[in-house]
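# Breakdown of the fold
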Amino acid sequence: MTDPVLEARGITKRFGALVASDGVSLDLRPGEIHAVIGPNGAGKSTLIAQLCGGLRPDAGAVFLEGADVTALPVRARARKGLARTFQISALAMEDTVLQNAVLGALGASGRPWRFLRSALSDTELRDRAMAALTRVGLADFAAARTAEVSHGQRRQLEVAVALTLAPRAFVMDEPMAGLGAEGSAAMTDLLDGLRAEAPILLVEHDMDAVFRLADRVSVMVNGAVVATGSVAEIRADPAVRAAYLGDAA
Amino acid sequence: MSREGALNLVVLAGLVALPLWAHLAGETFTVTLATRAVILALAGVGLNLALGAGGLVSLGHAAFFGLGGYAMGILAFHAQSMTPLVDGLLPGTKSMPVIWLTTIAVSALAALVIGLLSLRTAGVYFIMVTLAFGQMFFYFAISWNAYGGEDGLSIWVRNGFPGLNTLVPIQFYGLCFAVLALVLLLSHLVRRSPFGLVLNAARQVPARLEAVGLDPTRVKLVAFVVSGAITGLAGALFADLNRFVSPAMFSWQLSGELMVLVILGGVGRLFGPVVGAVIFVALEHWLDGVSDYWHVYLGLLLLLIVLFARGGVIGLVAGRERAHD
Ligand SMILES: Nc1ncnc2c1ncn2[C@@H]1O[C@H](COP(=O)(O)OP(=O)(O)O)[C@@H](O)[C@H]1O
Ligand SMILES: [Mg+2]
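Okay, so let's go over this structure. On a predicted model such as this, the values are computed, not experimentally measured, just so you know. (Residues numbered from 1 in each chain as written. Chains lettered and ligands numbered in written order. Predicted model: local features only at pLDDT ≥ 70, side-chain atom pairs only at ≥ 80, totals over all residues. Heavy atoms only, no water.)

Counting through the fold element by element, Asp215 of chain B comes out in the loop between α8 (206–211) and α9 (216–242). What makes Asp215 of chain B buried here is its relative accessible area of 17%. One polar contact links Asp215 of chain B to Arg75 of chain A, side chain to side chain, over a distance of 3.4 Å. (Helix = DSSP H or I, 4+ residues; strand = E, 2+ residues; numbered from the N terminus. Buried < 20%, exposed > 50% of the residue type's maximum accessible area, 1.4 Å probe, protein only. Polar contact = N/O pair within 3.5 Å; in protein donor to acceptor, adjacent residues only side chain to side chain.)

As structure tokens, this is what we get:
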């Protein structure tokens, strides 16, 4: 078996009496999309925050490419190749689409301390940003103000910014949130192609997308992973059906 | 050219033409008023970097303005009284370039310390902490009797600049204007630079910066230091204009006035502090002649601007800012 790119080992996180992560262990292997599903409040976003460094687990550890990164802050993990997208878009709304992508390229370059040269006429940064925008289908909107493009385009921009980091692993929190059927289908196609670049840990509510994309699925309920398996296994698992999928699935 | 760019050019042209005309017409007082406006504009450009680009609502920028004033005052005082600054070692100086470099170093250092401590907080706490630092300097200056205490320090003759006679009002004006123009040019470049882009994003979405591997707090700290240095430089020029420094330069009212003029002109707009300072000084002059309560009218005007014109006067004239390319 190949070594996992990203791994949570026995992560526990309590908020007062509430156990938001209950000894969660899961991993992300090269080339795969690993979906995490579960009802609202199951602890998916809390898990992501601990994987990415926004929250420190009370117990357990996080490994990125074999190294223990549990003590590292968000930005250090980002520099080591962990790229995330947010459940609610976190973009500079006053800036253009291109400027947001250049911000990612700047982060990847690690050289924001330049004061007098124009950022957008730096061809290296610009090319990297435009390549990411082209990849997600936003090249024509590069000059648009982010506040003025559609919600769906902002979701694509989230992915483009992550792409500028040339990451070792993606962590995506509900990239389809708020997208219509068409938008979800486009995003699904995009993510499908992305796993060749880096594996994706995908938290998602859209079951069509999950069942189409996922190589493996983990189901979370009340902070714990209750099942992990292929799409077929998860669909067949009686405990999962009872806890989450209901009879509709 | 954008409407805002055209407006900026008009303002710049006015800042050249009006004082020149006043000089030729023998209206020395108008030249002095223009000098005051240009120096306050420079202080505002400093504040605008923290406030507009970085979103740091500092109510303590008088600390830097005052430090600039006192750096000038102390150096010039030792020069005019022929006493060493440090026993047997450093003499004072009447040279503006030396005073400016000292000012920039001192206020940048103060901004680094204040920034390190205040950037741990945000929102109202940030305002309070910066205000508290300003007040600390104010009370320190009042009790520092070696340098005039409450009464402040008078400097007999304006400091010198190589090749100029700074005693001639229009020449001193030209010098201050040149400094402002240079700092505006640098600000313009910084706004489009990688640092400017990152700072702008740090204000809007700090979480995004972290997610791409950058440290928003450090970026804001650097902006705060540069901001403090610019406002400090303005303080040195202000003291030279008046040939006088006093604890009033450290007062919270002064911090408030700097903030008022930035908001009046347009927060975050390159020329916001310039337009704001010109209007501020003009109102201060005219309304003061009309009524003792001119601050009340200014307050009302400010209220209207804040309520109805988020982009200040520049926003009213030129509309919303275009994203730079
Ligand atoms: N910062 C916090 N403080 C207290 N409780 C929290 C906090 N963050 C999340 N929770 C709680 O933890 C549980 C898991 O939340 P979350 O991870 O957002 O779930 P999901 O993303 O699966 O919908 C919820 O009950 C939520 O209310
Ligand atoms: Mg969530």
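Residues and elements named next belong to chain A. Taken together, the protein ligands of the magnesium ion (ligand 2) are Ser45 (OG) and Gln87 (OE1), with distances of 2.1 to 2.7 Å. With Ser45 in helix α1 (residues 44–52) and Gln87 in the loop between β6 (82–85) and α3 (97–109), this residue pair connects regions lying 42 residues apart in the sequence. With a relative accessible area of 31%, Gln87 lands in the partly exposed category. (Donors = N, O, S within 2.8 Å, 3.2 Å for Na, K, Ca; no water.)

A word on helix α1 (residues 3–24) of chain B. Residue and element names in this part refer to chain B. Helix length check: α1, at 22 residues, gives a terminal C-alpha distance of 31 Å against a target of 32 Å (1.5 Å per residue), a fit within 8%. Residues of α1 that are buried include every one of Glu4, Gly5, Leu7, Asn8, Val11, Leu15, Pro19 and Ala22, and no others. Once α1 finishes, Gly26 follows within two positions and takes phi at roughly 75°, a positive value. (Expected span 1.5 Å × (residues − 1).)

Ranked by internal contacts, the top residues of the largest apolar core, which has 92 residues, are Leu40, Leu42, Trp100 and Leu180 of chain B. A total of 14 residues in this core trace back to one element, the largest contributor, which is helix α2 (residues 28–53) of chain B. The contact partners of Leu42 of chain B, leaving out residues within four places of it in the chain, are Val179, Leu180, Val183, Ile230, Leu233, Ala234 and Leu237 of chain B. Judged by nonpolar contacts, the second largest core, of 57 residues, contains Phe86, Ala132 and Phe170 of chain A together with Val219 of chain B. (Core = buried A, V, L, I, M, F, W, Y, C linked by side-chain atoms within 4.5 Å. Contact = heavy atoms within 4.5 Å.)

Moving on, we get to helix α11 (residues 272–290) of chain B. In a regular helix each residue adds 1.5 Å, so 19 residues correspond to 27 Å; α11 of chain B covers 26 Å between its end C-alpha atoms and thus fits that length. Next to the buried residues of α11 of chain B lie α1, α2, α6 (169–192), α10 (252–265), α12 (294–308) and α13 (312–318) of chain B.

It is worth spelling out the packing of α3 of chain A against helix α5 (residues 151–164) of chain A at this point. Residue and element names in this part refer to chain A. One way to put it is that α3 packs onto α5 with a least axis distance of 7 Å and a crossing angle of 25°. As summarised for this structure, α3 and α5 are arranged roughly parallel, according to the angle between their axes. By crossing handedness, the relation of α3 to α5 is classed as right-handed. In this structure, α3 uses Val97, Asn100, Ala101, Gly104, Ala105 and Ala108 to contact α5, whose residues at the interface are Leu157, Val161 and Thr164. Here the residues of the contact of α3 with α5 are counted per class, giving six nonpolar, three polar and no charged. (Axes fitted to C-alpha atoms, helices over the stretch in contact; angles between N-to-C directions. Parallel < 35°, antiparallel > 145°, perpendicular 65-115°, else oblique. Left-handed = near helix turned anticlockwise from the far one by under 90°. Nonpolar A, V, L, I, M, F, W, Y, C, P; charged D, E, K, R; others polar.)

Moving on: the sheet that holds strand β7 (residues 169–173) of chain A. All names here are of chain A. With respect to topology, six strands assemble into an open sheet ordered β6-β7-β8-β3-β9-β10, the strand pairing being mixed. The outermost strands of the open sheet, each flanked by one partner alone, are β6 and β10 (224–229). The mean inter-strand angle of the sheet, taken between neighbouring strand axes irrespective of direction, is 20°. As judged from the four bridges shared by strand β3 (residues 33–37) and strand β8 (residues 200–203), these two strands associate in the parallel manner. Residue pairing in the sheet places Val36 in a bridge with Val203 of β8. Those strands touched by α1 are β3, β6, β7, β8 and β9 (216–221), and its axis lies near 150° from that of β7. (Pairing = 2+ DSSP bridges.)

Moving on to the packing of helix α4 (residues 96–118) of chain B against α9 of chain B. The axes of two packed helices give the description: the angle between them and the distance between them. Residues and elements named next belong to chain B. The N-to-C vectors of α4 and α9 enclose an angle of 140°; their axes lie 7 Å apart at closest approach. If you check the angle between α4 and α9, you find them oblique. In terms of crossing hand, the pair formed by α4 and α9 is right-handed. Of the residues in α9, those in contact with Met96, Ile99, Trp100, Thr103, Ile104, Ser107, Ala108, Ala111, Leu112, Ile114, Gly115 and Leu116 of α4 are Leu221, Phe224, Val225, Gly228, Ala229, Gly232, Leu233, Ala236, Leu237 and Asp240. Here the residues of the contact of α4 with α9 are counted per class, giving 16 nonpolar, five polar and one charged.

All names here are of chain A. Counted residue by residue, β9 has six buried out of six residues, so it is predominantly covered. Examined bridge by bridge, β3 and β9 share four bridges and lie parallel to one another. Residue Val36 lies in a different strand from β9, and its bridge partner there is Ser218. In the sheet, β9 pairs with β10 via five bridges, with the strands oriented antiparallel. When the sheet's bridge partners are listed, Val217 is paired in β10 with Gly229. Hairpin connection from β9 to β10: two residues lie between these consecutive antiparallel strands, with Asn222 at a positive phi of about 50°.

What follows deals with the interface of chain B and chain A. Across the boundary between the two partners, chain B contributes 32 residues, which contact 36 residues of chain A. Summed over both sides, the interface of chain B with chain A buries roughly 2,900 Å², with 64% coming from carbon and sulfur. Three residues stand out in chain B for area buried against chain A, namely Pro194, Leu197 and Arg208 of chain B, and they jointly supply 23% of the buried area on that side. Joining chain B to chain A, the criterion identifies 16 residue pairs in polar contact (both at pLDDT 80 or more). (Buried area = accessible area lost by both parts, 1.4 Å probe.)

A separate point is the site of ligand 1. Residues and elements named next belong to chain A. Taken together, Phe15, Leu18, Ala20, Pro39, Asn40, Gly41, Ala42, Gly43, Lys44, Ser45 and Thr46 make up all the residues around ligand 1. Gly41 is positioned such that a nitrogen or oxygen atom in its backbone is 2.8 Å from an oxygen atom of ligand 1. A distance of 2.9 Å separates an oxygen atom of ligand 1 from a polar atom in the backbone of Ser45. Protein coverage of the free-state accessible area of ligand 1, which is 560 Å², stands at 57%. Among the residues making up the shell around ligand 1, the classes are represented as five nonpolar, five polar and one charged. (Near = heavy atom within 4 Å. Areas by Shrake-Rupley, 256 points an atom, 1.4 Å probe, with all protein chains shown as cover.)

Let's shift gears to the packing of aromatic side chains. Considering all chains together, one arrives at 13 aromatic pairs over all chains under this definition. Each ring, one from Tyr70 of chain B and one from Phe250 of chain B, has its centre 5.4 Å from the other, and the planes form 20°; the classification is stacked. With Tyr70 of chain B in helix α3 (residues 62–80) and Phe250 of chain B in the loop between β2 (244–245) and α10, this residue pair connects regions lying 180 residues apart in the sequence. Here Tyr70 of chain B matches Phe250 of chain B in class, with each residue buried. Both rings, one in Phe138 of chain B and one in Tyr139 of chain B, keep their centres 5.2 Å apart while their planes meet at 75°; by these two values the pair is edge-to-face. Taken together through their ring pairs, the aromatic side chains of Phe77, Phe140, Trp144 and Tyr147 of chain B make up a single cluster. Taking the ring centre of Phe86 of chain A as reference, the NZ or CZ of Arg84 of chain A above it sits at 4.2 Å. Between Arg235 of chain A and the ring centre of Phe211 of chain A, over which it is positioned, the NZ or CZ distance is 4.2 Å. (Phe/Tyr/Trp six-rings, centres within 6.5 Å; stacked < 30°, edge-to-face > 60°. Lys NZ or Arg CZ within 6 Å of the ring centre and 35° of its normal.)

Geometric descriptors of this kind do not, in isolation, establish any biological role.
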